[in-house]
Amino acid sequence: MTNAAGNRPVAIVTGGSRGIGRACALGLADDGYDVVVNYAGNKAAADEVVAAILAKGRKAAAVQGDVGVESDVLRIFAAADALGPLGVLVNNAGVIDVVCRVEAMSVERLTRMMTINIIGSFLCAREAVKRLSTKHGGKGGAIVNLSSIAPTLGAPGQYVDYAAAKGAIDAFTLGLGREVAAEGIRVNAVRPGLIETDIHASGGIPDRVKQLESTIPIQRGGTAEEVAECVRWLASGKASYVLGSVITVSGGR
Ligand code: NAP
């Protein structure tokens, strides 16, 4: 999978150092992409993912950057440009916060929640469209957003802010998908359920998946790899007629 200049297409995975993003980065390398592994602060984790991708014979770069900061996003995309032509963006970076009712949510919490989860995805998609759209001289490609089943449940008493942010991602996926469909870009999203990653510890409940296991029809939490399978499929030509869709990967929850 190379272009006339011998370059492989590049995939950017935001939050590619851990969890679902890590599984996407490794999987997309297996699918033939060179990969930009973005991370927020955990350089060691990002370097480990990059080393694993290099060992597969692909190019990779770890790029620190907060997706909610415009100048950081520009830097992430500049690093991708240095690797080769962009083909795929996985808008994966996302955060939760500690369990909290809405009346106790500070403006700082809400701003962080919306900035990273919503504005970060918009900024990265904006830069991707500038490179992928045939309107801008690009060759097309795919954007895959990480949503969540949280908007279908509302997450009352826990993370209504997170559920609302991911609800915005669902609307963003449909709107941007339709906006750029005729320009060679397919935009879709994956809606994971309870997946075994560090995100639950960051929300103060490290064993959240175990606690809720019996509420999942399939009776277990999902793995990052099971979510990445769907992301990889949506990014691939096998999903050529799938556009503006949000696919649930939740074990039935
Ligand atoms: P995770 O294990 O907590 O990993 C988060 C990743 O995002 C890390 O690589 C982290 O980098 C990076 N990150 C955090 N804030 C960032 C920022 N501001 N800018 C750039 N990167 C940032 O999360 P996960 O569980 O894999 O979740 C990945 C996505 O799936 C998120 O969008 C999440 O909302 C969604 N999701 C997860 C679940 C679940 O049950 N796990 C369910 C539904 C949806 P560092 O390593 O440097 O910290």
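In short, a report on the structure. (Residues numbered from 1 in each chain as written. Predicted model: local features only at pLDDT ≥ 70, side-chain atom pairs only at ≥ 80, totals over all residues. Heavy atoms only, no water.)

1. Focus on the overall build of the protein
Within the protein, the regular secondary structure consists of 9 helices and 7 strands. Scaling as 2.2 N^0.38, a compact globule of 253 residues should have a C-alpha radius of gyration of about 18 Å, and the protein matches this with 17 Å. Along the longest, intermediate and shortest principal axes, the C-alpha atoms of the protein span 55 × 35 × 35 Å. Evaluated residue by residue, the protein yields a buried proportion of 53% over its 253 residues. Look at the contacts in the protein between residues 6 or more apart in sequence, and 72% of them connect residues 24 or more apart. (Helix = DSSP H or I, 4+ residues; strand = E, 2+ residues; numbered from the N terminus. Rg over C-alpha atoms; globule rule 2.2 N^0.38 Å. Buried < 20%, exposed > 50% of the residue type's maximum accessible area, 1.4 Å probe, protein only. Contact = heavy atoms within 4.5 Å.)

2. Remarks on helix H2 (residues 43-55)
Here H2 is 13 residues long and its end C-alpha atoms lie 18 Å apart, about the 18 Å a rise of 1.5 Å per residue gives. Regarding H2, the residues found buried are Ala 45, Ala 46, Val 49, Val 50 and Ile 53. Down the axis of H2, the buried side of the element spans an arc of 135 degrees, and every buried residue falls inside it. For H2, the exposed residues lying more than 90 degrees away from the buried face are Ala 44 and Ala 55. The secondary structure elements touched by the buried residues of H2 are helix H1 (19-30), strand S2 (34-39) and strand S3 (60-64). Just downstream of H2, Gly 57 is the residue with a positive phi angle, here 90 degrees. (Expected span 1.5 Å × (residues − 1). Arc of directions from axis to C-beta.)

3. Here's the deal with the environment of Asp 198
Mapped onto the fold, Asp 198 is located in the loop between strand S6 (185-192) and helix H7 (199-202). Relative accessible area serves as the criterion here: at 44%, Asp 198 is assigned to the partly exposed category. Once the C-alpha coordinates of Asp 198 and Thr 115 are considered, the two residues, 83 residues apart in sequence, prove to be 20 Å apart.

4. Some words on the environment of Asp 66
Tracing the sequence through the fold places Asp 66 in the loop between S3 and helix H3 (70-83). Look at Asp 66 and you get partly exposed, because its relative accessible area is 31%. For Asp 66 and Leu 54, which are 12 residues apart along the polypeptide, the C-alpha to C-alpha distance reads 24 Å. Setting aside anything within four residues of it in sequence, one finds Asp 66 in contact with Asp 72, Val 73 and Ile 116. In terms of polar contacts, Asp 66 uses its side chain to reach the backbone amide nitrogen of Gly 68, at 2.8 Å. (Polar contact = N/O pair within 3.5 Å; in protein donor to acceptor, adjacent residues only side chain to side chain.)

5. A short note on the packing of helix H4 (residues 107-132) against helix H6 (residues 160-180)
The relative placement of two packed helices comes down to the angle between their axes together with the axis-to-axis distance. Direction vectors running N to C along H4 and H6 enclose 15 degrees, while the axes themselves pass 10 Å from each other. Considering their axes alone, H4 and H6 lie roughly parallel with respect to each other. Read as a crossing pair, H4 and H6 show a hand that is right-handed. Counting all contacts with H4, which are made through Arg 109, Leu 110, Met 113, Met 114, Asn 117, Ile 118, Ser 121, Phe 122, Ala 125 and Val 129, the residues of H6 involved are Asp 161, Tyr 162, Ala 165, Ala 168, Ile 169, Phe 172, Leu 176 and Val 180. Residues that form the contact of H4 with H6 fall into these classes: 14 nonpolar, 2 polar and 2 charged. (Axes fitted to C-alpha atoms, helices over the stretch in contact; angles between N-to-C directions. Parallel < 35°, antiparallel > 145°, perpendicular 65-115°, else oblique. Left-handed = near helix turned anticlockwise from the far one by under 90°. Nonpolar A, V, L, I, M, F, W, Y, C, P; charged D, E, K, R; others polar.)

6. Observations regarding the side chain of Asp 72
With respect to the element layout, Asp 72 can be found in helix H3. According to the relative accessible area criterion, Asp 72 is buried, its value standing at 14%. Within the structure, Asp 72 has its side chain in polar contact with the backbone nitrogen of Asp 66 (distance 2.8 Å). When residues no more than four places from it in sequence are discounted, the contact partners of Asp 72 are Gly 65 and Asp 66.

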